[in-house]
Amino acid sequence: MIRGEKVRLRAFDEGDVELMWRWANDWEMGRWMINRYPSPRSAEREDIREMMKLEPNHKVFAIETHEGDLIGGCDLTHISWEDRRAQLGIAIGDKARWGQGYGTDATRTLVRFAFEEMNFNRIQLFVYADNARAIRCYEKIGFLHEGVLRRNVYRDGEYVDAVAMSILRDEFMRASNAQQGKV
Ligand SMILES: CC(C)(COP(=O)(O)OP(=O)(O)OC[C@H]1O[C@@H](n2cnc3c(N)ncnc32)[C@H](O)[C@@H]1OP(=O)(O)O)[C@@H](O)C(=O)NCCC(=O)NCCS
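Here goes a summary of the coordinates provided.

Rules behind the numbers
- Residues numbered from 1 in each chain as written.
- Predicted model: local features only at pLDDT ≥ 70, side-chain atom pairs only at ≥ 80, totals over all residues.
- Heavy atoms only, no water.
- Buried < 20%, exposed > 50% of the residue type's maximum accessible area, 1.4 Å probe, protein only.
- Helix = DSSP H or I, 4+ residues; strand = E, 2+ residues; numbered from the N terminus.
- Arc of directions from axis to C-beta.
- Contact = heavy atoms within 4.5 Å.
- Pairing = 2+ DSSP bridges.
- Near = heavy atom within 4 Å.
- Polar contact = N/O pair within 3.5 Å; in protein donor to acceptor, adjacent residues only side chain to side chain.
- Areas by Shrake-Rupley, 256 points an atom, 1.4 Å probe, with all protein chains shown as cover.
- Nonpolar A, V, L, I, M, F, W, Y, C, P; charged D, E, K, R; others polar.
- Axes fitted to C-alpha atoms, helices over the stretch in contact; angles between N-to-C directions.
- Parallel < 35°, antiparallel > 145°, perpendicular 65-115°, else oblique.
- Left-handed = near helix turned anticlockwise from the far one by under 90°.
- Salt bridge = Lys/Arg side-chain N within 4 Å of Asp/Glu carboxyl O.

## Comments concerning helix α1 (residues 17-24)
- Those residues of α1 lying buried are V17, M20, W23 and A24. Projected down its long axis, α1 carries its buried residues within an arc of 130 degrees, all on one side.
- Contact partners of the buried residues in α1: α2 (27-33), α3 (41-51) and β4 (70-80).

## Points about the sheet that holds strand β7 (residues 144-155)
- Taken in spatial order, the 8 strands of this open sheet run β1-β2-β3-β4-β5-β6-β8-β7, and their pairing is mixed. Looking at the sheet topology across the chains shown, the edges are occupied by β1 (2-3) and β7.

## Here we look at the site of the ligand
- In the vicinity of the ligand there are 22 residues, among which I92, G103, T104, N131 and K140 approach most closely.
- One nitrogen or oxygen atom from the main chain of I90 is found 2.9 Å from a nitrogen atom belonging to the ligand.
- One nitrogen or oxygen atom from the main chain of Q100 is found 3.1 Å from an oxygen atom belonging to the ligand.
- Against a free-state accessible area of 960 Å², the protein chains account for coverage of 74% of the ligand.
- Of all the elements in the fold, those that place two or more residues in the shell around the ligand are α2, β5 (85-92), α4 (102-116), β6 (122-128) and α5 (132-141).
- In terms of residue class, the shell around the ligand is made up of 13 nonpolar, 6 polar and 3 charged.

## A look at the packing of α4 against helix α6 (residues 169-179)
- Running from N to C, α4 and α6 cross one another at 120 degrees; their axes reach a closest spacing of 11 Å. The angle between α4 and α6 falls in the class oblique. The handedness of the crossing between α4 and α6 is left-handed. Within the contact between the two elements, α4 uses R108, V111, R112, F115 and E116 and α6 uses R169, F172, M173, S176 and Q179.

## Comments concerning the pattern of salt bridges
- For the structure shown, the criterion picks out 16 salt bridges.
- Linking R8 and E64 is a salt bridge whose minimum nitrogen-to-oxygen distance equals 2.7 Å. In this pair, R8 is assigned in strand β2 (residues 7-10) and E64 in strand β3 (residues 59-65), connecting sequence segments 56 residues apart.
- R8 sits in the buried class, given a relative accessible area of 17%.
- Residue R49 is joined to E46 by a salt bridge in which the shortest nitrogen-to-oxygen separation is 3.8 Å. Of this pair, R49 and E46 both sit in helix α3, 3 residues apart, which is roughly one turn of that helix.
- Classification of E46 as partly exposed rests on a relative accessible area of 39%.

So, in structure tokens, the structure goes:
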């Protein structure tokens, strides 16, 4: 398991299907993740089976608290091993936990793992421009805004921009050394 301050990252397993199904059908989650269509349990079961295959180019992690409660998931996709680059995604499915630092800790833990254990050099992500909570979470870790994808998604009867953000390994290391009081 990969340990953060508030959470740990572990593999998904079959016992996670019920919660994943509930989150996949939550309207508010769907708003930020653009899950447009209702999803049957069988699709979630299939997704978890796929995740359990340990694909080399899709690294998926369940997020749980130190008390062992499953609260969400995060992943690294669009991996380029040659360019040492990956795209990060995260969702805290348990809405009661939003705004308590779990998402920031899980993201920071995954970014650290990506740089220190997987030897990536750049982590990028895309976030809808009106998702202020997520943007703040990424900024706290040190992600920089790189640009705007105009009218990237159609939601609630209107187009919404997406923001491209990224963090480089040396930026992350500098920020975490400064936090720990190292030169
Ligand atoms: C985005 C997400 C991962 C963030 O995790 P979280 O645990 O809720 O966030 P944190 O508590 O770690 O940090 C949120 C920060 O945003 C701030 N925030 C919350 N609502 C905000 C708002 N409307 N405007 C600006 N900042 C806001 C919080 O105050 C906090 O910052 P602070 O520590 O400086 O006070 C989580 O909310 C989530 O999964 N949301 C639904 C799915 C999603 O949006 N995924 C990301 C898709 S790109």
